[in-house]
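Now for the letters of each chain:
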Amino acid sequence: MRRLLLCALLLAAACAPSLKLGEGDRQKLVGELEGRRRFTRVALYVGGFFGDRGRLLLSDQPFGELDLLEEPDGTVIPPPGPDAILPPGTPVRIQRVEFPTGWTVAQRIAMTPRYHPWVELSVKGEELPAMVVLPQDLASREEALGELDRLLASDDPAPRLAALPAEQRQAVLEKRLVEGMGQAAVELAWGLPEKRHIDRPARSEEWSWASGRRRASFKEDRLVKFEEAKAPKAPAKP
């Protein structure tokens, strides 16, 4: 049994990715984040964590856009569809920050994105721990904090949500857009954009997410048009 375990650990260590994030930055992140209380910055999908039934997955992207796990031939394996949506302002606590070292990868369930950094959260109203999966190619502490900051905030955004008109507030809770939304409301619903193109003379902006699979157009800070890929709907959490 020990020999089998040793072989598994050696194999996992050989397969584990070469981390760009240095040991010093990793230790700083653990010290800065673990145990801290935060709030969901934007509306987040919550659903099954791939093949691990003891955890949940959190994402601001539709699960169909995620490419966190692949078959040997490169075919993307999507997670199970989302079960619910967490509203902006949901209290969470960062329980653990975990990096894919050889030992860690060996302990993770095979059908999970085990070669990525994970941030484990306890979420108010959820019994299971919820995982935020960070990119594999993080090169600095600042990059890691920036990625996490896209989803979690130190200040509660619930008052900003409550101040929206009723139609827009309901749209945010369902992670959808309606024309006339301001940029802040669009961020609450779809998350921070991947790219922004600003035309100052025309007083317009174009936002895009997921390599252009979703887009939004603004005129004088008001949403005038948007495009989105079809994704399974998830019920909003009460």
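Quick caveat, the model's predicted, so the values are computed rather than measured. (Residues numbered from 1 in each chain as written. Predicted model: local features only at pLDDT ≥ 70, side-chain atom pairs only at ≥ 80, totals over all residues. Heavy atoms only, no water.)

Asker: Provide a residue-level description of the overall build of the chain, including the pertinent values.
Answerer: If you tally the helices and strands in the chain, you get seven helices and 12 strands. Taken over 238 residues, the chain has a buried fraction of 43%. Within the chain, contacts between residues at least 6 apart in sequence are counted, and of these 59% link residues at least 24 apart. In the form shown here, the chain has an accessible surface area of approximately 12,900 Å², with 51% of it arising from carbon and sulfur atoms. (Helix = DSSP H or I, 4+ residues; strand = E, 2+ residues; numbered from the N terminus. Buried < 20%, exposed > 50% of the residue type's maximum accessible area, 1.4 Å probe, protein only. Contact = heavy atoms within 4.5 Å. Areas by Shrake-Rupley, 256 points an atom, 1.4 Å probe, with all protein chains shown as cover.)

Asker: Tell me about the sheet that holds strand β7 (residues 130-133), and name the residues and values.
Answerer: Pairing is mixed in the open sheet, where eight strands are placed in the order β4-β2-β3-β7-β6-β5-β1-β8. Each of the sheet's edge strands pairs with one partner strand only, and the pair in question is β4 (82-86) and β8 (152-153). The pairing of strand β2 (residues 44-49) with β4 spans four bridges and is antiparallel. Note that in β4 the partner of G47 across the bridge is P82. (Pairing = 2+ DSSP bridges.)

Asker: Let's hear about the pattern of salt bridges: which residues, and what values?
Answerer: By the definition in use, this model includes 13 salt bridges. Note that R108 and E98 form a salt bridge whose closest N and O atoms lie 3.1 Å from each other. Within this pair, whereas R108 is found in the loop between α3 (102-107) and β6 (118-123), its partner E98 is found in strand β5 (residues 91-98), the two being separated by 10 residues in sequence. Note on R108: relative accessible area 7%, which makes it buried. Put simply, E187 and R196 hold a salt bridge, and the shortest N to O gap is 2.8 Å. (Salt bridge = Lys/Arg side-chain N within 4 Å of Asp/Glu carboxyl O.)

Asker: Go over the nonpolar core with me, naming the residues and quoting the values.
Answerer: In this structure, L58, I94, V119, L121 and V132 are the most contacted members of the largest nonpolar core, which totals 25 residues. Formed by 17 residues, the second largest nonpolar core is a distinct cluster that contains L161, V178, V186 and W209. (Core = buried A, V, L, I, M, F, W, Y, C linked by side-chain atoms within 4.5 Å.)

Asker: Give a detailed account of the side chain of E205, specifying residues and quantitative values.
Answerer: Its location among the elements puts E205 in strand β10 (residues 204-209). It turns out E205 is buried and unbridged, and the closest side chain with the opposite charge, R196, is 4.4 Å from it. Of note is the side chain of E205, whose polar atom sits 3.3 Å from the side chain of Q183. Within the structure, E205 has its side chain in polar contact with the side chain of W207 (distance 2.8 Å). (Lys, Arg positive; Asp, Glu negative; His and termini not counted. Polar contact = N/O pair within 3.5 Å; in protein donor to acceptor, adjacent residues only side chain to side chain.)

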